[in-house]
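Observations on the three-dimensional arrangement
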Amino acid sequence: MSKITIPLGPQHPALKEPENFMLVLEGEQISGATVNLGYNHRGMEKAAEERTYIQDLYLLERVCGICSHSHTTCYITNVEELAKCETPKRALAIRTLVAELERVHSHLLWLGVAGYEMGFETLFMYTWRDREQVLDCLELISGNRVHYSINTIGGVRRDITAEQKAEVLKRIDYLAERTSYYIKLATEEATVLARTQNVGKLPYDVAIERGAIGPTARASGVARDVRKDEPYLLYSELDFKLITADSCDVFGRLVVRALELVESYKMIRQVLNNLPEGPIAVKVPMRIPAGEAVNRYEAPRGEDIHYLKSNGTDKPERVKVRAPTLANLQSVAYMLEGGWLADVPLVIAAIDPCMSCTDRAVVWDPKKGRKQTYGWEDLRKLAIEQYRRRGVDFTRL
Amino acid sequence: MKTFDKLVTWSLLKSPWILHFNSGACNGCDIEIVDALTPKYDVERFGMVLKATPRHADILVVSGPVTRQQAKRLKTIYDQMPDPKFVMAVGACGCSGGVFNGCYGVIPGIDKTLPVSVYIPGCPVRPEAIIDGVVKLIRSVEGKK
Ligand code: SF4
């Protein structure tokens, strides 16, 4: 059969965001897929260099509207590390709380989108209705539904009152009840099973080889989660399970996310019931001492990495963001190959792509003359060294 | 012809079909647009239905500051829509570039690329604001009738 190539996107009903997939088809079957990016490229990293640290907080929040707290928290951890500031514990607790609320909202949103792509619109309407409860919680705590802006350099902007706590806990109880229904639905509904099992396979080895992260990796049996591997905020003190599945398909990704919701509810309750006392922010000078910092953060879609270089002024010299979707895109290309055209939207949706996060990457040439080359081995050694200094040892893996 | 025009306006007012286009938004506005379609806000009660192709749409709902990559695609999509057509600019960055003003990858403001009928401010816009914008658009078309 002759091969034909069809473009999917940048504007396509199955895609909520601009991206483009070139699919090589043999009949109904996909024999090759490439991903084209850049439709969403705005140039934010460059813009970040022209604004002050506090302005960048609001700019980087808008890297993505779904995981906005992830980006700001990761960025601010860098800033605070360079400024050597002791962030109060209460502020860290509030950040953790918002982070988990964000995960709940993002996973519920995903569940709805996956339902929609399966053709299960009722599920979409249900989960999005329930998602409003989380958005109400976030609005209660921060004053905003989407870009919460709870972070500020040195702490958080707003404190949590006893009434807010009670209200959030009430809504979490309701959501926990609804989630048990969704878990039942995801694991027992015949149509859901038929649409998701054995679709978009990503075996364990391939997931490792292609560097999959987040729920996509965890659904292929890779136990990878920054919250466990290198705990930040208050995660080392919280009791939660790392959820994995070994079915390596869309079904696994569905189950992982649904069960992670339950873990998030657990964490939200723990944080709210043990809120440390004390101030919510400390003062940090406008000028940040020169230096470099890198931090990782487990965003709802996977590991988010921020790099920051400061030159001692009130503006950063370089900000670099590696958003989770970029790491997962290579896996998508693998998942699509050999599959059927009709499954494409679902497979793409299953990694929960977020192009607004991803499309900031530009190819960048190191300055001539001062070029330093690292081989794969050198890079690995460097990474191991750096992490050992921080107390994480990978050599035993 | 007059009767036909009347028919077109009548159907537009009764059931405006929308197409959503993301021209480089941060997703914040996009999820709020979808939110407006779901049970809590439910703009479908005004007969609004989200359509998949520009050829069926009456209103183009654009979010985002228009990236250079997307500008010509946005124009193509607008050209594919049948008359009468309207453009709704959603969000601060759709109205004027918002926080992305000054980024090298954007042409700030949708009105630099397309004629815009309704501007909805907010970063992100609240679903109530979207509903308000829709109602104002319908009213203004009604007024012209
Ligand atoms: S207006 Fe704000 S929330 Fe909306 S797309 Fe632009 S940056 Fe995002």
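Our structure is the block above this text.
Note that the structure is predicted; figures quoted are calculated from it, not measured.

Basis of the calculations
Starting from 1, residues in each chain are numbered consecutively following that chain's sequence as written. For this description, chains carry letters from A and ligands carry numbers from 1, given in the order in which they are written. Only residues with pLDDT of at least 70 are given local features in this predicted model, and only at 80 or more are side-chain atom pairs given and counted; all residues enter the totals for whole chains, interfaces and linings. In computing side-chain values, all of the structure's heavy atoms are included and hydrogens and water are not. Only DSSP runs of H or I covering at least 4 residues are called helices, and only runs of E covering at least 2 are called strands; the numbering of each starts at the N terminus. Computation of the radius of gyration draws on C-alpha atoms alone. For the globule rule, the value is 2.2 Å times the number of residues to the power 0.38. For the exposure calls, accessible area comes from a 1.4 Å probe over protein chains only, and a residue counts as buried if that area is under 20% of its type's maximum, exposed if over 50%, partly exposed in between. By convention in this text, a residue qualifies as near a molecule or strand provided that one of its non-hydrogen atoms is within 4 Å of it. For this classification, the nonpolar set comprises Ala, Val, Leu, Ile, Met, Phe, Trp, Tyr, Cys and Pro, the charged set comprises Asp, Glu, Lys and Arg, and every other residue, Gly included, is treated as polar. Note on pairing: DSSP must find at least two bridges between two strands before they are called paired. Clockwise travel from the first strand over the helix to the second, with the strands pointing away from the viewer, marks a crossover as right-handed.

1. Quick notes on the overall build of chain B
- Helices and strands together make up the secondary structure of chain B, namely 5 helices and 5 strands.
- Computed over the C-alpha atoms, the radius of gyration of chain B is 15 Å, within 12% of the 15 Å expected from 2.2 N^0.38 for a compact globule of 145 residues.
- By its C-alpha atoms, chain B is 50 × 35 × 25 Å across when sized along the principal axes.
- Each of the 145 residues in chain B was classed as buried or not, and the buried ones make up 55%.

2. Some thoughts on the site of the ligand
- All residues adjacent to the ligand are R62 and H147 of chain A together with A25, C26, C29, G91, A92, C93, F100, G122, C123 and P124 of chain B.
- The site occupied by the ligand is bordered by residues of chains A and B.
- The residue inventory of the shell around the ligand, partitioned by class, reads 8 nonpolar, 3 polar and 1 charged.

3. Thoughts on the pairing of strand β1 (residues 17-22) of chain B
Residue and element names in this part refer to chain B.
- Counted residue by residue, β1 has 5 buried out of 6 residues, so it is predominantly covered.
- The pairing of β1 with strand β2 (residues 49-50) spans 2 bridges and is parallel. Directly across from I18, in β2, lies its bridge partner L50.
- Assessed by its sense of winding, the connection that carries the chain from β1 through helix α2 (residues 28-37) to β2 is right-handed.

4. Quick word on the pairing of strand β3 (residues 29-36) of chain A
Residue and element names in this part refer to chain A.
- Across 7 bridges, the pairing between strand β2 (residues 20-26) and β3 is antiparallel. Along β3, the bridge assignment pairs N20 with N36.
- In textbook terms, the turn of a hairpin is the stretch between consecutive antiparallel strands, and for β2 and β3 this stretch comprises 2 residues, one of which, G27, has a positive phi near 65°.

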